[in-house]
Amino acid sequence: MKTNNVGPRATVYKVISVIILVILAVLFVFPLYWIVTGAFKPGADIYAQKPVWWPSEWVMTNFNELLAKRSAPLWELKVPFSQWFTEKHEPLVFSAGPSVPAAFRWLINAVFMAAVAMGLTCITAAMAGYALAKKRFRGRAILFGLIICAMALPKQVILIPLLKEMNFLMFTDTLWAVIFPTVGWPFGVFLMKQFSESIPGEILEAARVDGSSEVRTFGTIVLPMVKPGIGALAIFTFINCWNDYFMQLIMLTSGANFTMPLGVATLQAETSVNMGLLMAGAALAALPIIIVFLIFQKYFTQGITMGAVKG
Amino acid sequence: MAKNKQTMSRALQRREDIAGYLFMLPSLIFFLGFVVIPMFVCIGYSLTDATMHQQAATQFVGFSNFAKLFQDKVFLEALRNTFVIVIVSVPTVCAFSLWVSSVIYKLSGPVLSAFRCIFYLPVVTGSVAVTVVWKWMFDNYTGIINTALKGAGLIEKNINFLGDSKWALWCIILILFTTSVGQPIVLYVSALGNVDQGLVEAAKVDGATDLQVFWKIKWAQMMPTTLYILVITTINSFQCFALIQLLTQGGSGTQTVMYYIYYTAFKLTQQAGHFGYANAMGVVLAIFIGILSALQFRLAKEK
């Protein structure tokens, strides 16, 4: 195979392409590099007329300033739907912990939001995907059609009705308002259906004949077989939810309930000149998610591909 | 006997129905509650003059919101810009990611995954962090791009990239580009790896050039992937919002439909929160995306 095209022209082409590629790769990494170094640069480096490629001194002042910005209680949780069961018709709010810098709270919020959305999505999508792939229930084709259509719809189109609905359910300005629409987004169901298609029908049939209940079949046979799919979906949902700036912007209104990306965006509007501070915020918004991505990279690649190949 | 068999299958069908819907239920609650119902409510709202504040006075106004839309200069500008973004970014993203993938897919494992990761980084970094750093890089005074261009002797005076309507939209397209190519590259790399090697070998034995092999065999086999990439990139480009909101707020000739919806619903002071009007825009946007997706499907099917 290799002997076929190792003419001088092919080699030259290959070498040039790789060189271009390396240059491009450097350009793609550069913004991230600029965030991280910027976050640790002293003010003099940031406003220097000549760009300072490497911090003359690594300082924490930007982070200190970021943490000094505002404060919020460490943890607060509004119990969904609780307003329908309390006497005053107001939702139950649990609040705990000492007052901490708001940036801490933003991190906690973002992690909580992304993790809950991830958990709920994985459970519901795994169940629904299995049903769509393997259960011959009536109305299946219509449901699947609806799911495909909704996938092509930009979430932002439905934002106003969604906002009104959240108002009605008293979810506005809580993380639930971002979590629930994320869980409802049908990509997960679609992905899990693709994965579930590969489960051999004979195994399910054998389990049924053996008298295994539907729930047991799902738990002991289906789930282990679609595990890679769930892994992919989990990481995908986590990243998407974390980075879904639009929903966060619309739904979260008070400083204590912000997430890291939204907090950084707000700081940006307030102090658009203090680049060091912004880079510190951007680093805190980006690094956790990059680390998650690098760890689970394998699953992720698999998941993206799976959604498309059989689509 | 025949009757017996039929009741059996009916019982079985019912069993499947019940099991199917029970498994679907948790997902359906979220899907119907937070996607499908708002979708229909959105269409309903677009036919009224609903605003954020006076819900009581909401009136049915038929299609007048839509008629007004196409006389609204800002909306038409937004529509034009949105299409510029889509028309420029979709083919470039597609071609670029195809080229990158065709170079990297034969490289050894770790190198391949390093490249794949690097091109995916801007997606993972998140729109806010990416936008904030680009804003600094494009900055009029301390931006590194101005400094670099000046250093290279390409420009004499600093360019106010984001404040100048000659440049702003292109800056946004560039940033959008860096955050869009990650997923297509992952997809193309795996599609190229799945191309039937037997066919490639056979063609080469028959004396086909590399270029012919590429277009006639690989490109043809990757059509479903390309279609998928076209659709997701189109939707992505239509949705480009954070970039506009954080960089220019629709100024310097970068108004887009997505941003204008947000602006009309939440920012416009004169008719604060004109929900009906904003919803009409949402419906128009959804229709455009639907038409484009359908067109792309049709085109790909023909090939």
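Residues numbered from 1 in each chain as written. Chains lettered and ligands numbered in written order. Predicted model: local features only at pLDDT ≥ 70, side-chain atom pairs only at ≥ 80, totals over all residues. Heavy atoms only, no water.

Caption draft 1: Focus on the overall build of chain B. Looking only at helices and strands, chain B features 14 helices and 0 strands. Going from N to C terminus, chain B has its helices and strands arranged as α-α-α-α-α-α-α-α-α-α-α-α-α-α. The C-alpha radius of gyration computed for chain B amounts to 25 Å, which surpasses the reference 19 Å derived for 303 residues by more than 25%, pointing to a less compact arrangement than a globule. Taken across its 303 residues, chain B has 53% of its residues classed as buried. Intrachain contacts of chain B at a sequence separation of at least 6 include 67% that bridge at least 24 residues. Seen as two clouds, the 21 positive and the 13 negative side-chain charges of chain B have centres 6 Å apart. (Helix = DSSP H or I, 4+ residues; strand = E, 2+ residues; numbered from the N terminus. Rg over C-alpha atoms; globule rule 2.2 N^0.38 Å. Buried < 20%, exposed > 50% of the residue type's maximum accessible area, 1.4 Å probe, protein only. Contact = heavy atoms within 4.5 Å. Lys, Arg positive; Asp, Glu negative; His and termini not counted. Charge placed at Lys NZ, Arg CZ, Asp CG, Glu CD.)

Caption draft 2: Summary view of the overall build of chain A. Counting secondary structure elements, chain A contains 15 helices and 2 strands. Once the C-alpha set of chain A is aligned to its principal axes, its extents read approximately 80 × 75 × 35 Å. Per-residue burial for chain A yields a buried fraction of 52% across its 311 residues. Residue pairs at least 24 apart in sequence account for 72% of intrachain contacts in chain A once pairs closer than 6 positions are excluded. Accessible surface, chain A: about 14,000 Å² in total, of which carbon and sulfur atoms supply 69%. (Areas by Shrake-Rupley, 256 points an atom, 1.4 Å probe, with all protein chains shown as cover.)

Caption draft 3: Structural detail: the interface of chain A and chain B. Listed by partner, the interface residues are 95 residues for chain A and 88 residues for chain B. Where chain A abuts chain B, roughly 8,400 Å² becomes buried across the two surfaces, and 76% of that area is made up of carbon and sulfur atoms. Broken down residue by residue, the surface that chain A buries against chain B is led by L21, F28 and I160 of chain A, which jointly contribute 9%. Among the salt bridges present, the one from D17 of chain B reaches R138 of chain A, with a minimum N-O distance of 2.4 Å. Where chain A packs against chain B, one counts 8 residue pairs in polar contact (both at pLDDT 80 or more). (Buried area = accessible area lost by both parts, 1.4 Å probe. Salt bridge = Lys/Arg side-chain N within 4 Å of Asp/Glu carboxyl O. Polar contact = N/O pair within 3.5 Å; in protein donor to acceptor, adjacent residues only side chain to side chain.)

Caption draft 4: Spotlight on the side chain of T82 of chain B. Mapping T82 of chain B onto the fold places it in helix α3 (residues 73–104). Setting aside residues up to four positions removed in sequence, T82 of chain B forms contacts with F238, T256 and V257 of chain B.

Caption draft 5: Quick look at unusual backbone geometry. Residues and elements named next belong to chain A. Notably, M170 is not glycine yet its phi reads approximately 60°, a positive angle. On the secondary structure map, M170 appears in the loop between α6 (159–168) and α7 (176–184). A relative accessible area of 30% places M170 in the partly exposed class. Even without being a glycine, D173 presents a positive backbone phi close to 65°.

Caption draft 6: Highlighting a nonpolar patch on the surface. All names here are of chain A. A cluster of nonpolar residues, L287, I291, I295, F296 and Y299, forms a patch on the protein surface that exposes about 460 Å² of accessible area. Of the residues forming the nonpolar patch, the biggest block, 3 residues, is contributed by helix α14 (residues 275–295). Within the secondary structure layout, F296 lies in the loop between α14 and α15 (297–309). With a relative accessible area of 37%, F296 lands in the partly exposed category. (Patch = residues over 30% accessible without salt bridge, like charges linked within 9 Å, V, L, I, M, F, W, Y side chains within 5 Å.)

Caption draft 7: Local environment of the packing of helix α1 (residues 8–40) of chain A against α14 of chain A. Residues and elements named next belong to chain A. Running from N to C, α1 and α14 point in directions that differ by 125°, and their axes come no closer than 8 Å. Relative to α14, the element α1 is oriented oblique. For the pair α1 and α14, the crossing hand works out as left-handed. Here L32, W34, I35, G38 and A39 of α1 lie close against α14, whose contacting residues are G276, M279, A280, A282, A283 and I290. A per-class count over the contact of α1 with α14 returns 9 nonpolar, 2 polar and no charged. (Axes fitted to C-alpha atoms, helices over the stretch in contact; angles between N-to-C directions. Parallel < 35°, antiparallel > 145°, perpendicular 65-115°, else oblique. Left-handed = near helix turned anticlockwise from the far one by under 90°. Nonpolar A, V, L, I, M, F, W, Y, C, P; charged D, E, K, R; others polar.)

Caption draft 8: Structural view of the domain arrangement of chain A. Residue and element names in this part refer to chain A. When its domains are assigned, chain A resolves into domain 1 (1–59) and domain 2 (71–309). Distance between the C-alpha centres of domain 1 and domain 2: 34 Å. Our count for the contact surface shared by domain 1 and domain 2 stands at 0 salt bridges. The element contributing the most residues to the side of domain 1 that touches domain 2 is α1, with 5 residues. When the residues that make up the side of domain 1 that touches domain 2 are grouped by side-chain class, the tally is 6 nonpolar, 1 polar and no charged. (Domains from an automatic or database assignment.)

Caption draft 9: Region of the structure containing the packing of helix α9 (residues 201–209) of chain A against helix α10 (residues 214–225) of chain A. Residue and element names in this part refer to chain A. Between α9 and α10, whose axes approach to 11 Å, the crossing angle comes to 145°. At the point where α9 passes α10, the crossing takes the right-handed sense. On the side of α9, the interface is formed by I203, L204 and A207, while α10 contributes T217, I221 and V222. Partitioning the contact of α9 with α10 into residue classes produces 5 nonpolar, 1 polar and no charged.

Caption draft 10: The arrangement of the confidence of the model for chain A in detail. Overall, the prediction assigns chain A a mean pLDDT of 82, with 95% of residues at 70 or greater. Note on residues 1–5 of chain A: pLDDT under 50 across the span, and 6 contacts to partners over four residues away in sequence or across chains. (pLDDT = per-residue confidence, 0-100.)

Caption draft 11: Structural context of the packing of aromatic side chains. According to the stated counting rule, one finds 42 aromatic pairs over all chains in the structure shown. Ring-pair connections join several aromatic residues into one group, and the members of that group are F30, Y33, W34, F40, W54, W58 and F63 of chain A together with W136 of chain B. A cation over a ring is seen here: K68 of chain B above Y277 of chain B, with NZ or CZ 4.8 Å from the ring centre. (Phe/Tyr/Trp six-rings, centres within 6.5 Å; stacked < 30°, edge-to-face > 60°. Lys NZ or Arg CZ within 6 Å of the ring centre and 35° of its normal.)

Caption draft 12: How the structure looks around the nonpolar core. In this structure, I179 and Y245 of chain A together with F119 of chain B are the most contacted members of the largest nonpolar core, which totals 202 residues. When residues of this core are assigned to their parent elements, the largest contribution, 16 residues, is made by helix α4 (residues 102–134) of chain A. When residues of this core are assigned to domains, at least three map to each of domain 1 (1–59) and domain 2 (71–309) of chain A. Leave out the neighbours within four places in its chain, and Y245 of chain A touches L262 and A265 of chain A together with S127, V128, F241, A242, Q245 and L246 of chain B. (Core = buried A, V, L, I, M, F, W, Y, C linked by side-chain atoms within 4.5 Å.)

Caption draft 13: How the structure looks around the side chain of T225 of chain B. All names here are of chain B. Looking at where T225 falls in the secondary structure, it is placed in helix α11 (residues 223–239). Judged by relative accessible area, T225 falls into the buried class, the value being 11%. Once residues lying within four places of it in the same chain are set aside, the contact partners of T225 are L187, Y188 and A191.

Caption draft 14: Up close: the pattern of salt bridges. One pass over the full model with this rule turns up 6 salt bridges over all chains. Each of K135 and E214 of chain A together with R15 and E16 of chain B takes part in a single network of salt bridges with overlapping partners.

Caption draft 15: Region of interest: the environment of I43 of chain B. Counting through the fold element by element, I43 of chain B comes out in helix α1 (residues 2–45). Along the backbone, I43 of chain B and G282 of chain B are 239 residues apart, and their C-alpha atoms lie at a distance of 8.7 Å.

Caption draft 16: Structural view of the state of the cysteines. In this structure the tally under the stated criterion is 0 disulfides over all chains. In this structure C149 of chain A is a free cysteine whose sulfur lies 15 Å from that of C42 of chain B, the closest cysteine sulfur available. Judged by its relative accessible area of 54%, C149 of chain A is exposed. Of the cysteine sulfurs around C94 of chain B, a residue in no disulfide, the closest is that of C240 of chain B, at 18 Å. Taking the relative accessible area as the measure of exposure, C94 of chain B reaches 10% and is therefore buried. (Disulfide = S-S within 2.5 Å.)

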